[in-house]
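Each chain is listed here by its residues.
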Amino acid sequence: MRFGVLGPLLVRDAEGAEVVLRSRHERTLLAVLLVRAGRVAPVERLVEALWPDRVPASHASNLQTYVSRLRDRLSDVSIEHRDGGYLLRVDADQLDLLVFRREVAAARAALAAGDAAGAVDRFRLGLAQWRGRPFADLPALEGIARTWEAERLDAVEDQVDAELTIGESLPEVVSRLHGLVAEHPLRERVHGQLMVALARAGRRAEALSAYQNARDVLVAELGVEPGSRLRDLHRAILRGDDPAPVAPAASRAWAPVCQLPPALPGFAGRDELLDQVAALLTAESGVPVVALSGQPGVGKSALAVVAAHRVRPAFPDGQLYAHLAGASAAPRDPDAVLADLLRSLGTPESAIPRGLPALTAAYRARLADRRVLVVLDDAADPEQVRSLVPGTPGSAVLVTSRWRLSGLIDARHAPVEPLTDAEAGQLLAYVVGADRVAGERVSAGRIAAACGNLPLALRIAGTRLATRPWRLRALADRLDDERRRLTELAAGDQQVRAALALSVRALSARARAAFALLGLVGPASFAAWAVAALLPGDPDPSVIRASLTSLERHQGRPDHAEAEAILDELVEASLVEPVAADGEPRYRMHDLLRIYADELAAADPRARTAARRRLLAAAVARADAAAARLPRTLTWYRPAGAPGGELEPFEWFDGELAFLTAALDVAADEPVSAVALAERLAPYLWARGRWAELRAVQRCARLAAERLGDDRAMARAEFLAAVLSLVCGDLPEAAAGFARSRGLFERLGDPHGVACVLSDEAVLHGLQGRHDDSAHAARRAVEVFRAEADPIAAVLASPALSAALRGLGRLDEALDADRTAVAEARAQGAAELVVARALNSLAVTRLVRGEALLGYQAAAEAVERLRGVGDRYVLLAALRHQASAAAGLGRRREAVRLLEESHDLAVELGDRLWATGLARDLAVSWIGDGRAAAAVPVLKRCLATYDEMNVRSAKAATLDMLARAYDALGDGVAARDARRGAGALSDGIDAGTPALSKIILSLAENVGARG
């Protein structure tokens, strides 16, 4: 196959027939691969070319589709996926660009060897590959086209030199040169070639006129006189000498300048970012501008210098460096910077023009057609940078700034992050000494963590250690105190605090005030509403709460818009960083910035306290609005609002959880807010099965309730603690907690609270084998809930009643209770999870009654409903019941698969009771697989867990299963002892546990692959 890129994209097969690619995306993809033929085209570059305006969410799969289609259409070539991109391999004769470059290189070699005629032939072969403007049909590759056009023009000029050397066909050469001058009036070399051609053709007056025309154009357009070579040529023609052509750019006298500072010793890591920057700077399109931004002390300048030294060979005409003092009180004026750069490039003082436009033009003219790297360190804003960008392809610009320079819309932006832990360790080892760091690795890690892995802070900390005979632990201990940390991070004139202060002083007054108060947020990410709450002038919290019929309405308030504007300023200044989030945009502060913000806020304690109160009030109001939209799935939480609206409460809580739990930590002096916030977090955390966070929230609520002397809040906190103990299998603690909570609710005269406790006490009694007590508690709970006009809570309590009735062998009553609960749940339009819980109970009752198919149907419906709402806790129970039903129907493979899924969920959620039961059931399935020896230790561990929890029915069932394992191993004595133990524990009444155990034991049958 042959490919053409020196004109509209062209593909021909081996027979010469054109291969038509009608899809613009496929044509663009092939074009980029051909541009980098023989080299990997990074996925990022492909995505940028395919979707220059807006990248779709499905871009990765779309790209794979386009690559697959190209492979189908271009079967004779290889498109490989490697190193984070794609590589197209073609031979030199298959691509017109490679043919052009090969012939031009050969022509230049022939010209240098004195074979001008041979050079002309090779130039013509190379230039004949051009069919028009490259990629004329693909605007996304315009930058590449410009670069190649410049390459073609260099070749055309070199061909003219060869033709002038031969001296033949001068009229034709003159005619072509007139066209080139008209097309490229600022290229001095073309003007010079025209002068030579005219002089050698005997048209001396026209040659002198051509010089005057060139001078007029250069002075009018650039404000500069012709270069020395063009002036020398003019003088030679005036004298009547035989003029020599103006040498090509590569042979012009030019003294490359390298102004780069030395690379910082001990530079650590950043390999991936260095590779990225190097690739961007050496890209074959236009004038690449790469902007490195990041917070103070993150190592932007050091990175830029190392990167610049790495790419020096790609810029043989020089490397310029200018410090722009952007973080200082007086950033350098672009005029002064341009004047300095022109001087460094050899421009005489008398030739340096005045005014920014003239300076910019002179600077760009001096760099025209050169390959120069320009490093601009510490830029203040985009305006300071724009005039310092060279005008012709071949050069590149590398900028560093504390600000993100978003206004440089054509630049490639590369944020600089703190070092990784490993890189921070390397840097510390360089400064302090590898042996000292190796001897105290833990303390070195603590120092790096306290420095937030910022290179500036690490070098200062390392220097302090290097100049003192301290142990690393001594400095680590001092840095642990956040109040002293910034004071410790100072060595001579190098201070972290001073570096941070420069950025903060440059902010607007409102942004400075917001920055100081953001220390209250802590290390968690935050949204704009938190900044709005911190700002003085927020309305009274009660007004906020009353207005929150939806969070969307609150987000439209003027102070929210102002907060977003402030955040934009802080982000631009690299003082807060955006973090990935699915919903509302979120932000975070680096630890050292947060500590500095706290220092600033501490200067005004009254304003700080007022801001903390506003923040907590706003957090409670927003959590209240979100919790009101949670679906009703718990007896103990009745949302005040109705589900629905645009706000998705689970998504909101998911995004804000870390922030809200951190807010609880600063609420010690605001117990009312602490209780309110904890009680709105609790139902969400329960629904998500996040027991660790829920326990921490419960403890905060309990401490705040104690401080307030609020018995009702204390009763709810005790109840929640008891439920968590029940989940974790601590039955004695659960019983004590339920008793305390119930006593408080009874004293308060709160029948609904009492019923909530009774509902969960019924579950506890069932686990303890006290089925009569369980039935009494559950029935009473259902009756109270109905009397309190809470039918949903009655449905939620019904499974405990059904379980108690099964335990008493009253299966018909259990079935009636389940049917009633399912019917009521559907009639009430209850949440999917509520219906699913009722269906779960119905499935168990059906299984115990020997109705496996009906049980399977109920459990399968529950699973289907639960997968749609994202619940995991009730889902694991439904999966287990569906697994038992599948086992009862003889569908062994399905049963084991469902048990495994359920077990994984139980382990993930930390539900010890369910995880133990599911591990036991899976171990039984191993017996049927011929792995009884592996099943025995698992069953023994489960038995020990049930013994610790004192769950008699589960112990009896587990001993029966252990006996089956011993049977399979031929150990009759152990099997007999296990069965005797099971018999001693059985109460002879419970119909539920033995029936379910019998179904699970069917998995122990050696059924091979049947299922």
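Bear in mind that the values here come from a model prediction, so they are computed numbers and not experimental data.

Peer 1: Account for unusual backbone geometry, with residues named and values stated.
Peer 2: In the Ramachandran plot, R270 falls in the positive-phi region, its phi being about 65° despite a non-glycine side chain. Secondary-structure assignment places R270 in the loop between β6 (257-258) and α11 (271-281). Among the residues examined, R270 registers a relative accessible area of 8% and is labelled buried. The backbone of S574 shows a phi angle near 60°, a positive value even though the residue is not glycine. Relative to the helices and strands, S574 is located in the loop between α27 (558-572) and β15 (577-579). Here S574 falls in the buried class, since its relative accessible area comes to 7%.

Peer 1: So what's going on with the sheet that holds strand β14 (residues 526-527)? Residues and values would help.
Peer 2: Pairing within the open sheet is antiparallel, and its 3 strands lie in the order β14-β16-β15. A single partner strand is all that each edge strand has here, and the edge strands are β14 and β15. The pairing of β15 with strand β16 (residues 586-588) spans 3 bridges and is classified as antiparallel. By the bridge assignment for β16, P578 is matched with Y587.

Peer 1: Go over the packing of aromatic side chains with me, naming the residues and quoting the values.
Peer 2: Scanning all chains against the criterion turns up 14 aromatic pairs. Seen from their ring centres, F526 and Y587 are 6.2 Å apart, and the 35° between their planes marks the pair as tilted. Of this pair, F526 sits in strand β14 while Y587 sits in strand β16; the two residues are 61 residues apart in sequence, bridging distant segments of the chain. Accessibility expressed as a relative area gives 11% for Y587, which makes it buried. Ring geometry for W636 and W686: centres 6.4 Å apart, planes at 85°, overall edge-to-face. Here W686 lies in helix α31 (residues 671-688) and W636 lies in the loop between α29 (605-627) and α30 (649-665), a separation of 50 residues in the sequence. Among the residues examined, W686 registers a relative accessible area of 11% and is labelled buried. Ring pairing ties together the aromatic residues W529, F650, W652, F653, F659 and Y684, which thus form one cluster. A cation over an aromatic ring shows up here: R152 above the ring of W130, its NZ or CZ 5.7 Å from the ring centre. The lysine or arginine in question, R891, covers the ring of Y856, its NZ or CZ lying 4.4 Å from the ring centre.

Peer 1: Which residues make up the confidence of the model for the protein chain, and what are the values?
Peer 2: Per-residue pLDDT for the protein chain averages 85, and the proportion of residues at 70 or more is 94%. Taken as a whole, residues 247-253 scores under 50 in pLDDT and shows 12 contacts with residues more than four places along the chain or in a different chain. Low pLDDT (under 50) marks residues 538-558, which in the prediction has 33 contacts with non-local residues, meaning those over four places away or in another chain.

Peer 1: Any details on the nonpolar core? Residues and values, ideally.
Peer 2: Side chains of nonpolar character tend, in soluble globular proteins, to be buried together. By size, the foremost hydrophobic cluster in this structure holds 241 residues, and its most contacted members are I447, F515, F526 and F653. The leading source of residues in this core is α31, at 11 residues. Once residues lying within four places of it in the same chain are set aside, the contact partners of F526 are L518, V521, V531, L567, V576, P585, R586, Y587, R588, M589 and F659. Counting 72 residues, the second largest nonpolar core, distinct from the first, contains A49, L177, A207 and I237.

Peer 1: Describe helix α32 (residues 691-708), with residues and values.
Peer 2: With 18 residues, α32 extends 25 Å between its outermost C-alpha atoms, agreeing within 8% with the 26 Å of an ideal straight helix rising 1.5 Å per residue. Looking at α32, one finds that the buried residues are W691, L694, V697, Q698, A701, A704 and A705. Each buried residue of α32 sits inside an arc of 145° when the element is viewed along its axis, so together they form one side. Exposed and facing more than 90 degrees away from the buried side of α32 are A692, L703 and R707. The secondary structure elements touched by the buried residues of α32 are α30, α31, α33 (711-727), α41 (873-888) and α42 (892-909).

Peer 1: Go over the packing of α29 against α31 with me, naming the residues and quoting the values.
Peer 2: As a packed pair, α29 and α31 sit with axes 9 Å apart at the nearest point and diverge in direction by 25°. Classified by the angle between their axes, α29 and α31 sit roughly parallel to one another. The two elements α29 and α31 cross, and the hand of that crossing is left-handed. Packed against α29, whose contacting residues are L616, A619, V620, A623, D624 and A627, the element α31 presents S673, A676, L677 and R680 at the interface. Of the residues contributing to the contact of α29 with α31, the split by class is 7 nonpolar, 1 polar and 2 charged.

Peer 1: Residue-level account of the pattern of salt bridges, with values.
Peer 2: Under the counting rule described, the total for this entry stands at 71 salt bridges. Residue E706 pairs with R702 through a salt bridge whose shortest N-O separation is 3.9 Å. Of this pair, E706 and R702 both sit in helix α32, 4 residues apart, which is roughly one turn of that helix. A residue is classified by how much of its surface remains accessible, and R702, at 28% relative accessible area, is partly exposed. For R826, the salt bridge is made with E861, and the minimal N-O distance between the two is 3.1 Å. Of the two residues, R826 is situated in helix α38 (residues 811-827) and E861 in helix α40 (residues 852-869); the sequence distance between them amounts to 35 residues. We classify E861 as partly exposed; its relative accessible area is 24%.

Conventions and cut-offs
Residues numbered from 1 in each chain as written. Predicted model: local features only at pLDDT ≥ 70, side-chain atom pairs only at ≥ 80, totals over all residues. Heavy atoms only, no water. Helix = DSSP H or I, 4+ residues; strand = E, 2+ residues; numbered from the N terminus. Buried < 20%, exposed > 50% of the residue type's maximum accessible area, 1.4 Å probe, protein only. Pairing = 2+ DSSP bridges. Phe/Tyr/Trp six-rings, centres within 6.5 Å; stacked < 30°, edge-to-face > 60°. Lys NZ or Arg CZ within 6 Å of the ring centre and 35° of its normal. pLDDT = per-residue confidence, 0-100. Contact = heavy atoms within 4.5 Å. Core = buried A, V, L, I, M, F, W, Y, C linked by side-chain atoms within 4.5 Å. Expected span 1.5 Å × (residues − 1). Arc of directions from axis to C-beta. Axes fitted to C-alpha atoms, helices over the stretch in contact; angles between N-to-C directions. Parallel < 35°, antiparallel > 145°, perpendicular 65-115°, else oblique. Left-handed = near helix turned anticlockwise from the far one by under 90°. Nonpolar A, V, L, I, M, F, W, Y, C, P; charged D, E, K, R; others polar. Salt bridge = Lys/Arg side-chain N within 4 Å of Asp/Glu carboxyl O.

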